[in-house]
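# Fold and geometry: a report
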Amino acid sequence: MKKILSSLFLAVLCSLITANAQVRSVTGTVKDEKGVVVAYATVKVKGQASAVVADEKGNFKINAAANATLQVSATGFASTEVRASATSLSITLNHQVDELENVVVTAQGIRKKSKEIGYSYSKVSSDEITVGHSPQLTQALAGKVSGLAVYTVNNSVDPSVKVVLRGYRSLTGNNEALVVIDGMQTTATALALINPNDVENVSILKGGQAATLYGSAGVNGALVITTKQGAKGKLKVSYTNTTNFEQVSFLPAFQNQYGSGSQYYPLVYGQAGYDPSALNRAKENWRPYENQQYGDAYDGSQRIAGRVLADGTSLVIPYADVPNVRLNSFDMGLSQNHQASFQGGDETSSFYLSVENNKINGIVPGDLSDRTGVRVKSSKEYGKISTSFNAAFTQAYYDRTGSDFQNDIINTASWVDLTTMRNWRTNPFANPNGYYNDYYNNPYFNKDINRLKYKDANISGNFDITYRALPWLQFYNRLGIMNNSRTGKNTVEKFQYSDWAKNSAYIPDPWTHEDDYPGIYRAIGDVLGSVADYSTTENVVNNEFQARIQKDIAMVQNKLTLGYSLYQRYTKSISISSSSIVVPEVYNVANRQGNLGGGEANTTERKFGYYADLNTNVKNMEWLNLNLTARYDATSRFFKQTRNANQYSYLYYGGALSFILTDAIPALKSNTLNYAKLRTSYNKNGNDNIPLYGLDLSYTNGANFPYGNNVGLSVGNTLPDADLKPEFVTAMEVGGEFSMFKNRVNLDVSWYKQQSDGQVLTVKVPNTTGFSNLLINVGQVDNWGYEADLKVQVLRDTKVKWDVNLKYSFNDNKVVDLFPGITAFAYGGYSYATSNVILGQRFPILKTNGYYYSADNPTLRRVSPTTGYPVQNTALTERGGTLPRDMVGLGSTVTYKDFRLAFNFEYRGGNFMYSDLGRQMTFTGSGAWTSNRTDQIFANSYYIDPVSGKDVPNTTVKVREPEYALWVNNYRLISENFVAPAWFIKLRDVNLSYTIPSAIVKKSKIFSSANVALYGRNLFTIIDSKNQFTDPEFSYTAGNGSGISNTSQTPPVRQFGFNVNFVF
Amino acid sequence: MKLNKLYIAAFLVLVGTGCKKDYLDVNTKPNSLPTATPAYVLANALNVSAASLVSPNEVGMFWSGHWTQSNGYIISTTLFSYAFTNGDFNYWDGTYDNLYDYQYVIDNATEYNQDYLKGPAKVMKALNYQKLVDLYGNIPYTDALKGVGNLAPKFDDQKAVYESLIGLLDDGIKDLKANAFASTYASSDIVFKGSNSSWIKFANSLKLRILMRQSRVSGRDAYITAEINKIIAEGSGFITGAEVGANPGYVASAGQINPIYNNYGYTETGARVGNNNWPRITDFLVKKLQATNDTFRLKRLAYAPGNEDIANPGVSVKPEIAANYIGIPFGSSAGYLPGASSAVGPVLLVRGQYNRPIVIMTAAEVQFNLAEAKQRYGSTVNLTGTAQSYYEEGVKQHFRAVGASSANVAALLTSKIDDCDFTTTANKLNAIAYQKWLALGYFNGLEAWSEYRKNNYPVTPNSKNYVGTARPLRLWYPGTELGSNGANVNAQGTIDPLATRIFWDVD
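Parameters at a glance
Residues numbered from 1 in each chain as written. Chains lettered and ligands numbered in written order. Predicted model: local features only at pLDDT ≥ 70, side-chain atom pairs only at ≥ 80, totals over all residues. Heavy atoms only, no water. Helix = DSSP H or I, 4+ residues; strand = E, 2+ residues; numbered from the N terminus. Buried < 20%, exposed > 50% of the residue type's maximum accessible area, 1.4 Å probe, protein only. Contact = heavy atoms within 4.5 Å. Lys, Arg positive; Asp, Glu negative; His and termini not counted. Charge placed at Lys NZ, Arg CZ, Asp CG, Glu CD. Rg over C-alpha atoms; globule rule 2.2 N^0.38 Å. Areas by Shrake-Rupley, 256 points an atom, 1.4 Å probe, with all protein chains shown as cover. Axes fitted to C-alpha atoms, helices over the stretch in contact; angles between N-to-C directions. Parallel < 35°, antiparallel > 145°, perpendicular 65-115°, else oblique. Nonpolar A, V, L, I, M, F, W, Y, C, P; charged D, E, K, R; others polar. Salt bridge = Lys/Arg side-chain N within 4 Å of Asp/Glu carboxyl O. Buried area = accessible area lost by both parts, 1.4 Å probe. Polar contact = N/O pair within 3.5 Å; in protein donor to acceptor, adjacent residues only side chain to side chain. Expected span 1.5 Å × (residues − 1). Core = buried A, V, L, I, M, F, W, Y, C linked by side-chain atoms within 4.5 Å. Pairing = 2+ DSSP bridges. Phe/Tyr/Trp six-rings, centres within 6.5 Å; stacked < 30°, edge-to-face > 60°. pLDDT = per-residue confidence, 0-100. Patch = residues over 30% accessible without salt bridge, like charges linked within 9 Å, V, L, I, M, F, W, Y side chains within 5 Å.

### Some details on the overall build of chain A
Counting its secondary structure elements, chain A contains 14 helices and 54 strands. In terms of principal-axis extent, the alpha carbons of chain A reach across some 115 × 70 × 65 Å. Expressed as a percentage of the 1064 residues in chain A, the buried residues total 58%. Once local pairs closer than 6 in sequence are excluded, the contacts in chain A between residues at least 24 apart make up 71%. Across chain A, the 101 positively charged side chains and the 89 negatively charged ones have centroids separated by 9 Å.

What follows is the structure in structure tokens.
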């Protein structure tokens, strides 16, 4: 298809120029730089309409004059021009190394020559995507495109990933990029399931400019994914296997000196007999069943862990650190990916079929996912009609724990070897009836009894048809659908404690204390078991009809696309549940006590739009291209029969100009500067960024109602403004593309600014109004930044080929205006750490409580002059923005003979994070920062002299209880302690591959090529020394309130493995 | 060209369909109702009002010295070191949300021919505002609950709000007298099942509470006595003989059992909840009851260490003798594990009794308010009984409410022990204050704390986990209000919850 269209364009363009000369027959062969035949290249005489297509063996025959120039082009190769001076030619096509002449897929599948594009776009090829062999396409894009931030907000066998282009522009609405697969507007669901190996390339349309034609959905930019299609030639069968290992790359910093204990020392400070030694008090604090780790220091003595079991046995172990016990509590993950593809084609048809199975066993023992997918893509040309069909079926199954496994592991004392506790069903000390910890259950028990199992069954695809009605007129229609059905069951296994565990388990001498009591504390409540069964259907239908007109008016050359778009998304979710089950391990809601729980949710949204895209230039002045776009949209999100048309429909438009400096002024062209393009664009985009059904005030069932027949309703808390209308984002961009030194240095720079006005914002209003939120068009947000992509072919003409590319982007935003009277609001988080929108600042801004600092010396932190404890400043204070300002990607590829080494680094920085994990680990005392339990003066502190009222640097007031209360009751509550700069450097992916020389491979007579590779993903991560907690990318929410993470994200992982690929 | 025409035709058809507004007419919320009958809104609002007393009552139980926490949990510094912030104890947002539902009922009842709902809604509105004043002092009242009509409600003076509530209750009584409850919707009234006369008595009792709360404010006597005499003149009287409680129809199913039972006691299947180990009886309360030989009530208020016998609901595992009850010194952070201290007793928790109503007001409280009125104002209030008779009736009502046999009341009342025997107690107001504090405990912890702040009696020891002598006197205005209505919050001046007093808390 692509080739047909591009050659069609060339044909049409060139038919305008006619040449007259002595014509004779010329034959030739087309090969690539390695001498491999290039099948079906298009060969035409420059300036003539007629073209021929080379055959399967690369041979062609064409009539041309001796002074004529032949233009030879083929998909994936740089076009070349050859003088037809001889009658037999050997033509070499180079694989595409730069994209200057490339035809790119822009919004709505409109193909444009790179020269014509007046805005910034990037393209990531299949090779770049598969460097790290990630089974997730989005993760494979991280660090590869300037301005693109891929956030893995949660790791697991089903990672939660967010894709943002050029930062946030909506305060409370969606900021994620639109996903388009083969022209079909789809959703994150399809993106999560696509097989990255099926992807030919991803075009990234960064600004709203590029995506004007997608309507509201494209306001955040778009990832336009083109899947592979069969290459012309005989059937090519390829098989690939990837074996992937996954391990925890780092865990929070732990202390390894103190074991179980809490505040048991019976006397209060100052009371008669109070022991002044923290060491002695810590000894009193030791308990064999504590979840906290504020006991005395490890001494290697034999101590009991927990209590005596019903059979009289007990676990007596050395009171000493078990090295790396938490790390070893996780598994080495193993995944296997098998795939095979079949492709082929001839002059009029192409065919591509792939099957894939990807099985992951995660780092959390027992967590797995299993994805199987088939994709078929075929096209056929019948004279004036070409059709194509593209469909993918994917089934994915996930089985994950619903427990907070990381939290359970990192908060367990290090003297108990958790790795021996894996099998709680057979090991009595691992069983809840015998597990040592009175408060936290065995992590393996928690993980085993809490399961989330779900299956996605996904069908997506499209049919399209192109009809070339007239040389200057084409009609095109594409119908795309995506249907995803998720069925799932969340279960909790029933567990009843033994009477011994509840009432009798005791602590024997010599480890007993007078305040001990029989029975395990956590045995107070039996686990009732539960089951929740649900199914969710998501159905998206998208039809695009286009008329493509290419007509010159006098000297003006025009390409016009008129389109009509229909979009519908429908979802339905139904769940039923029971919070207790009767017979263990039978997970059906029929097996329950009490009422059935559950609910349903349905949504339908529809849009239609008309659009036009005009690309125009003047003959012989092709160095200047003007692109105008306009779209009219109507959306159901703002529709009511009673509303005016201008409240639910809207027109928007944009323009882009590209100027090829080196074509306009050829004198500028030199060996140094080969190509220079300047571009600018301006757009105004409408956006229906309102929560579905946001126009209605809702009346919901009151909590827990109905009670039998007794109905209770509550008035909703979000009040919609009556005049709500779509918001508008204006965007402007200026950029340039430069090629230097024989195209070996390519630089692409852009600057952009986006201004979003009248955002549909869920404003927090005082609850005293009777509502908590108001949905209203308010405010203005500015978003700006610049990007630079530098690609250098450092070594090219030697045996070693070395490419380096560097991407830098800066992005910032500012809340310029909010609702009158409102200067800030919080997205959420914890009461002591929130992410916020603050007028006049970038967003989101992290705020936490913290220390008081001395006005005399701002490095000193206030402590109490009586207790020595740090004083908490309860006011939430700004700690900085949570979105990275600077992002750098560094990629390189080195090729030597049959070896290829590729890697990509990514840096992100300029932002801050809060980790609630730090607070949790201070509570339990597992964090390294709690290591100092001896008598101390709180570091860098001052106090206010009670008499003079002056700040006095603290050199005298010691902390009262450094062995416990300092940490748990004071340090823990000061959230500033768990704020850290969120920068990181990650080796996103690295790949060393070896292509077995074809001479050897061919001898096998089975394979036509073979390749083996070793690769890694996120092999190492560098983070700030103050960040002792976790991966700064993590966030408790995939929403806008980023920057706050907690324990419920699975720890960061590194992955590595090997890959073999055979082509038959 | 045939195909071409077909295409154009298809194009026109598509465009034609798309143009129709019907294509877009899918924007009616399918997941919740577009409108609500006031009766159903009232049912939920009543249930929310009752359920949202559980948490402030707990705080009240702690800060009035009835309860403390066991040491199976690390010490809560917000509760026992008073290190709470404007992010803690936010009873503001939920209460205003609840108040709006009452406002909805008041505003829409006429349209739905449900005028009889206005009275109950107004009474409950007054109750909630009284709660807000007691927690926060100055609050938005006249500007509040107006939606977009006023997005930055100004704060009203707390005393003025208190006075307005009397008017609001009078209005409510007027509505209650004018509109009989439709029997069809009686089940929506989960408090009185549509009994207007009960609502009026409740309104009068609430007026009495609001008035007597101000009894120590100087210069208010004339106002208070005049208003009390108006209540008496009105003639409907006060609630008596039974508590005012709400029960939406609890059933033994998840989320549908009494939230107090579920919070501190058991699940719907009878499994003990972890929180059962959290609240513990203070050493002060246990010792005071022991010292006054008030063991009948002690056994109802607490279980002996070892807790309730699951096989024998309502009865402690250990023998229920006074010496077996162990309280924890208030705010103690170590030394008292759950198994070694007294848990919340059968007055609130008996395994299997998941369907008790949540008490909104006790009959005993009314009697103690009457006793205090008579004691303070003598013949200026037209009350027929004596302070002693109201006092003794109050103690009787409390015995009844906690489930202690009334046969044992007489002994206590004639025990010649201070704070029990009215006749022999020198400081009669202290006796009333102590018995009222005791009677408000468990049912209305928040009221117990308010009375404690007002009377400073009984003198309970301060938290062992707090350095200093201050006690919590109010809450911070919540951060949510500060963030969205900052100017009006800041206009209230500097607030220090350990120093800024509610207007009725004079010392």
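Don't stop here, the text continues.
### Overview of the overall build of chain B
Across its full length, chain B carries 19 helices and 6 strands. Whereas a compact globule of 507 residues would reach a radius of gyration of roughly 23 Å, chain B reaches 26 Å, a difference of no more than 12%. Across its three principal axes, chain B shows a C-alpha extent of roughly 110 × 50 × 50 Å. Across the 507 residues of chain B, 61% fall into the buried class. Sequence-distant contacts in chain B: of pairs separated by 6 or more residues, those separated by 24 or more amount to 72%. Accessible surface computed for chain B: about 17000 Å², of which carbon and sulfur atoms make up 54%. Taking the average location of the 45 positive side-chain charges in chain B and that of its 42 negative ones, the two points are 2 Å from each other.

### Overview of the packing of helix 8 (residues 196-213) of chain B against helix 17 (residues 445-455) of chain B
Residue and element names in this part refer to chain B. In contact at an axis separation of 11 Å, helix 8 and helix 17 are set at 30 degrees when each is read in the N-to-C sense. The angle between helix 8 and helix 17 falls in the class roughly parallel. On the side of helix 8, the interface is formed by Arg209, Met212 and Arg213, while helix 17 contributes Glu447, Ser450, Glu451 and Lys454. Looking at the contact of helix 8 with helix 17, its residues break down into 1 nonpolar, 1 polar and 5 charged.

### Re the pattern of salt bridges
All names here are of chain B. What the rule picks out here adds up to 70 salt bridges over all chains. Residue arginine 220 is joined to glutamate 163 by a salt bridge in which the shortest nitrogen-to-oxygen separation is 2.8 Å. Here the residue arginine 220 occupies a position in the loop between helix 8 and helix 9 (221-234), and glutamate 163 occupies one in helix 7 (residues 158-178), the gap between them amounting to 57 residues. Using a relative accessible area of 7% as the deciding quantity, one classes arginine 220 as buried. In this structure, a network of salt bridges that share partners links the residues Asp134, Arg209, Arg213, Glu365, Glu372, Arg376, Lys436, Glu447, Glu451 and Lys454.

### Overview of the interface of chain B and chain A
Facing the 88 residues of chain B at the interface are 92 residues of chain A. Where chain B abuts chain A, roughly 7500 Å² becomes buried across the two surfaces, and 60% of that area is made up of carbon and sulfur atoms. Taken together, the links from chain B to chain A amount to 0 salt bridges. Viewed at the interface, chain A and chain B are joined by 29 residue pairs in polar contact (both at pLDDT 80 or more). Mapped by element, the contributors of at least two residues to the side of chain B that touches chain A are helix 1 (2-19), helix 2 (38-51), helix 5 (92-108) and helix 18 (479-484) of chain B. Along the lines of polarity and charge, the residues of the side of chain B that touches chain A split into 43 nonpolar, 34 polar and 11 charged.

### Structural notes on helix 7 of chain B
Residue and element names in this part refer to chain B. The end-to-end C-alpha distance of helix 7, which contains 21 residues, comes to 30 Å, matching closely the 30 Å that a straight helix rising 1.5 Å per residue would cover. Buried residues of helix 7: Gln158, Val161, Tyr162, Leu165, Ile166, Leu168, Leu169, Gly172, Ile173, Asp175 and Leu176, and no others. For helix 7, the secondary structure elements touched by its buried residues are helix 6 (118-136), helix 8 and helix 9. Between the side-chain oxygen of the N-cap and the backbone nitrogen of lysine 159 there are 3.1 Å, and the N-cap of helix 7 in question is aspartate 157.

### Examining the nonpolar core
Counting residues in each nonpolar core, the largest one holds 175 residues, and the members touching the most others are B:Trp63, B:Tyr129, B:Phe202 and B:Tyr442. Residue contributions to this core peak at 10 residues, all from helix 6 of chain B. Residues in contact with B:Tyr442, not counting those within four places in the same chain, are B:Met61, B:His66, B:Trp67, B:Ile281, B:Leu285, B:Leu301, B:Val344, B:Val347 and B:Leu348. Listed in part, the 78 residues of the second largest apolar core include A:Val325, A:Leu418, A:Tyr439 and A:Tyr521.

### Comments concerning the pairing of strand 13 (residues 178-181) of chain A
Sheet faces and side chains relate simply in a regular strand, where the side chains alternate between the two faces. All names here are of chain A. Residue alternation in strand 13 divides its side chains into two sets, Leu178 and Val180 and Val179 and Ile181, and both sets are buried. Here 4 bridges tie strand 13 to strand 16 (residues 222-227), and the two strands are oriented parallel to one another. Within strand 16, the position partnered with valine 180 by the bridge is valine 224. Across 3 bridges, strand 13 lies against strand 14 (residues 184-186) in antiparallel orientation. By the bridge assignment, valine 180 is partnered in strand 14 with glutamine 185. Between strand 13 and strand 14, which pair antiparallel one after the other, the connecting turn spans 2 residues, and aspartate 182 there sits at a positive phi close to 50 degrees.

### Quick look at the environment of A:Gly779
All names here are of chain A. With respect to the helices, strands and loops of the structure, glycine 779 is situated in strand 37 (residues 773-795). For the pair formed by glycine 779 and leucine 171, sequence separation is 608 residues and the distance between their alpha carbons is 9.4 Å. Once residues lying within four places of it in the same chain are set aside, the contact partners of glycine 779 are Ser756, Asp757, Gly758, Gln759, Asp817 and Leu818.

### What to know about the sheet that holds strand 53 (residues 1044-1045) of chain A
All names here are of chain A. If you trace the 3 strands from one edge of the open sheet to the other, you get 49-46-53, paired in mixed fashion. This sheet does not close on itself; its edge strands, each paired only once, are strand 49 (979-981) and strand 53. The sheet contacts of helix 12 (residues 916-924) involve strand 46 (912-915) and strand 53, and relative to strand 46 the element is tilted by about 35 degrees.

### Section: the packing of aromatic side chains
The relation between two aromatic rings is expressed through the spacing of the ring centres and the mutual angle of the planes. Considering all chains together, one arrives at 88 aromatic pairs over all chains under this definition. A ring pair is formed by B:Phe62 and B:Trp67, whose centres lie 6.3 Å apart and whose planes are at 65 degrees; its orientation type is edge-to-face. The exposure classification of B:Phe62 matches that of B:Trp67, with both residues buried. An aromatic cluster is built from A:Tyr439, A:Tyr521, B:Phe62, B:Trp67, B:Tyr73, B:Phe80, B:Tyr264, B:Trp278, B:Phe330 and B:Tyr442, whose rings are joined through pairwise contacts.

### Quick look at the confidence of the model for chain B
Scored by pLDDT, chain B has a mean of 93; 96% of the residues are at 70 or more. Two numbers describe this predicted complex: its pTM, 0.85, and its ipTM, 0.90.

### Here we look at unusual backbone geometry
A:Asp509 connects to A:Pro510 through a cis peptide bond whose omega is 5 degrees. In this fold, A:Pro510 is placed in the loop between helix 9 (499-504) and strand 26 (530-553). A positive phi angle is found at B:Tyr82, which is not glycine, with a value near 55 degrees. Within the secondary structure layout, B:Tyr82 lies in the loop between helix 4 (77-80) and helix 5. One non-glycine residue, B:Leu145, lies in the positive phi region at around 60 degrees.

### Section: a nonpolar patch on the surface
Taken together, the side chains of A:Tyr632, A:Leu651, A:Tyr653, A:Tyr682, A:Met732, A:Val734, A:Trp751 and A:Tyr786 make up a nonpolar region of the molecular surface, amounting to roughly 750 Å² of accessible area. Listed by contribution, the elements that provide at least two residues to the nonpolar patch are strand 30 (649-660) and strand 35 (727-740) of chain A.

### Regarding the side chain of B:Ser64
All names here are of chain B. Relative to the helices and strands, serine 64 is located in the loop between helix 3 (54-63) and strand 1 (67-69). Of note is the side chain of serine 64, whose polar atom sits 3.0 Å from the side chain of histidine 66. Apart from the residues within four sequence positions on either side, serine 64 is in contact with Trp437, Ala448, Trp449, Tyr452 and Thr460.

### Section: the sheet that holds strand 40 (residues 833-838) of chain A
Residue and element names in this part refer to chain A. Ordered in space as 39-40-41-43, the 4 strands form an open sheet in which the pairing is antiparallel. Each edge of the sheet is formed by a strand with only one pairing partner; in this case those strands are strand 39 (824-830) and strand 43 (872-881). For this sheet the average axis-to-axis angle between neighbouring strands, irrespective of direction, equals 35 degrees. Pairing between strand 41 (residues 845-851) and strand 43: 6 bridges, direction antiparallel. Residue pairing in the sheet places leucine 846 in a bridge with glycine 880 of strand 43.

### A closer look at helix 14 (residues 387-402) of chain B
Residues and elements named next belong to chain B. Taking 1.5 Å of rise per residue, the 16 residues of helix 14 would be expected to cover 22 Å, and the 23 Å separating its terminal C-alpha atoms lies within 8% of that figure. Listed as buried for helix 14 are Ala387, Tyr390, Tyr391, Gly394, Val395, Gln397, His398, Phe399, Ala401 and Val402. Buried-residue contacts for helix 14 involve helix 12 (295-301), helix 13 (363-377), helix 15 (409-413) and helix 16 (428-440). With its phi angle positive at about 90 degrees, glycine 403 sits one or two positions after the end of helix 14.

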